[in-house]
Each structure stands twice: as C-alpha cells, then as structure tokens.
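Examination of the molecular architecture
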Amino acid sequence: MIKLYDYLLSVNCYKQRLLLSMLDVPHELVPVEFHPGREHESAEFKKINPLGHIPVIDDGGFILRDAHAILIYLASRYDPARTWYPTGEPRLLGEVASWLQFAEGTTNSASAARLCVNFGYDFDLAACQAAAHRLFRVLDEHLWFREQEGLGWVASAPAPTVADIALFGDVALSEEGGISREDYPALRRWAERVQRLPGFTDMPGVLPVAPLPP
C-alpha cells in the first residue's frame, strides 16, 4: 500500500490525497508535523527526503518526492484509461506539462501567501499576492475561452488531467492568503467543476459542492 507522508493543511499534500481518492487507490497517511513542529526538517525525516520537503510517497519501497512529480507517477501507474496523464496524445501531454509548470507559479505565489498568513513564513506577502493575481487573470481568461469551446478543463481534453489537480488546491485556498477570487468567474466555475468530480475529497477550507440539478 502507498504511504503518503502528509500534513493535513498542506496544499501540496492535499493534491496527492485528492488524486489518490479520485483514482480510488488504497493508501496510508503518515502524518508529518509541518507546523509548528517542523518535523519535515528533522534528521529522521531527511532520511526519507534529504531536501526536507513534503509530500513524499513510498510505493512498495519506491520513494518519490515533489508534488507534481508524484501526481504524474500516480496517474501513470494507477489510471489504466490514461486520461489523467494522457501519455498517448503528444499534443495534449505537452499542454498538461505546460500547465504543471504554470502550477509551480501558483504554488510559489498563492500558496506562498497562505503560508505567510497562516504559518508566519517570511515571504513578501504583497509580492506573492500580486503575482497570484497576475496568474489568476491568465488562468481565468484561458478557462473562459475553454468554456466557449465547450470544454471545462485546463487542457484541451474532455476530462480533467493532473494539471487541474495541480492547480486546484492553490486556487481553492487562495483566499486564506488574502487573494480574492471575486473577479475571476471562470476560475470559480472551474473550481466548482473539480469539487463535483467523483471521488472528490475535502480538506479544511475546501468542501464539496452540491451536484448540478438534472
């Protein structure tokens, strides 16, 4: 069974819990006290990940770190339909890769702002918030055009991909970092679509939404 070294309030850990739930993959959560204990920086934890970061997975002795690398691995190994990480479609796969890179930006801005506000990290809060708004404007416009094409997800696919999972947590918890989503209607609609997916699992600050009426 997969072990996920996890902190309940970590956005990057939530991304893994979300995909594991949607893939219906049995897993064990191994709690790591990120705050205030900073257990991820301990000598014992660094035997698992020398960089001192979470999340980390252990899949039968295969240790993997980095949130987006783990998403790619889980989707590649546990999604036989190859929809979450579409390896058989080069153009679509390139799109997914580009949005995973984009998600590094939302992590380093929106989620960094949340770390400032909730956990006292010494980042430039105003700069993080401004950067998040720049990215949210780009993403909101992109999603609006997707909707005009009859598509509901970040990549040009009829179903969600790991790119949607990589972005969702940063967006869904952005207001905890003082980043309002009021001016991004397409972004809000997309987030609700994610929250209605089968297997969606919540975390503090992120709840499922009611299904649309038939």
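These lines cover the structure that appears in this document, whether it is placed above or below.

Rules used throughout
Residues numbered from 1 in each chain as written. Predicted model: local features only at pLDDT ≥ 70, side-chain atom pairs only at ≥ 80, totals over all residues. Heavy atoms only, no water. Pairing = 2+ DSSP bridges. Helix = DSSP H or I, 4+ residues; strand = E, 2+ residues; numbered from the N terminus. Axes fitted to C-alpha atoms, helices over the stretch in contact; angles between N-to-C directions. Left-handed = near helix turned anticlockwise from the far one by under 90°. Contact = heavy atoms within 4.5 Å. Nonpolar A, V, L, I, M, F, W, Y, C, P; charged D, E, K, R; others polar. Salt bridge = Lys/Arg side-chain N within 4 Å of Asp/Glu carboxyl O. Expected span 1.5 Å × (residues − 1). Buried < 20%, exposed > 50% of the residue type's maximum accessible area, 1.4 Å probe, protein only.

1. Notes on the sheet that holds strand 2 (residues 27-31)
Think of a sheet as strands paired side by side through backbone hydrogen bonds, with each pair either parallel or antiparallel. Taken together, the four strands give an open sheet; going across it, the order is 2-1-3-4, and neighbouring strands pair in mixed fashion. Bordering the open sheet on either side are strand 2 and strand 4 (62-65), each of which pairs with just one other strand. The average undirected angle you get between the axes of adjacent strands in this sheet is 20°. Of the pairings in the sheet, the one linking strand 3 (residues 56-59) to strand 4 comprises four bridges and is antiparallel in character.

2. Some points on the packing of helix 3 (residues 90-119) against helix 4 (residues 125-148)
For the pair helix 3 and helix 4, interaxial distance at closest approach is 9 Å and the crossing angle is 140°. Between helix 3 and helix 4 lies a crossing of left-handed hand. For the pair helix 3 and helix 4, contact is made by Glu-95, Trp-99, Phe-102, Gly-105, Thr-106, Asn-108, Ser-109, Ala-110, Ala-112, Ala-113, Cys-116 and Val-117 and by Leu-125, Cys-128, Gln-129, Ala-131, Ala-132, Leu-135, Phe-136, Val-138, Leu-139, His-142 and Arg-146, respectively. Each residue belonging to the contact of helix 3 with helix 4 can be placed in one class, and the counts come to 15 nonpolar, six polar and two charged.

3. A word on the pattern of salt bridges
All told, the structure shown has nine salt bridges when counted by the stated rule. One connected set of salt bridges, linked through shared partners, spans Glu-95, Arg-146 and Glu-149.

4. A few points about helix 1 (residues 11-23)
Because the α-helix completes a turn every 3.6 residues, residues three or four places apart line up on one side. End to end, helix 1 covers 18 Å across 13 residues, agreeing with the expected 18 Å (1.5 Å per residue, within 8%). Turning to helix 1, its buried residues are Val-11, Asn-12, Cys-13, Tyr-14, Lys-15, Gln-16, Arg-17, Leu-18, Leu-19, Leu-20, Met-22 and Leu-23. Against the buried residues of helix 1 lie strand 1 (2-6), strand 2, helix 2 (67-78), helix 3, helix 5 (162-172) and helix 6 (185-195).

The values are spatial; any link to function lies outside them.
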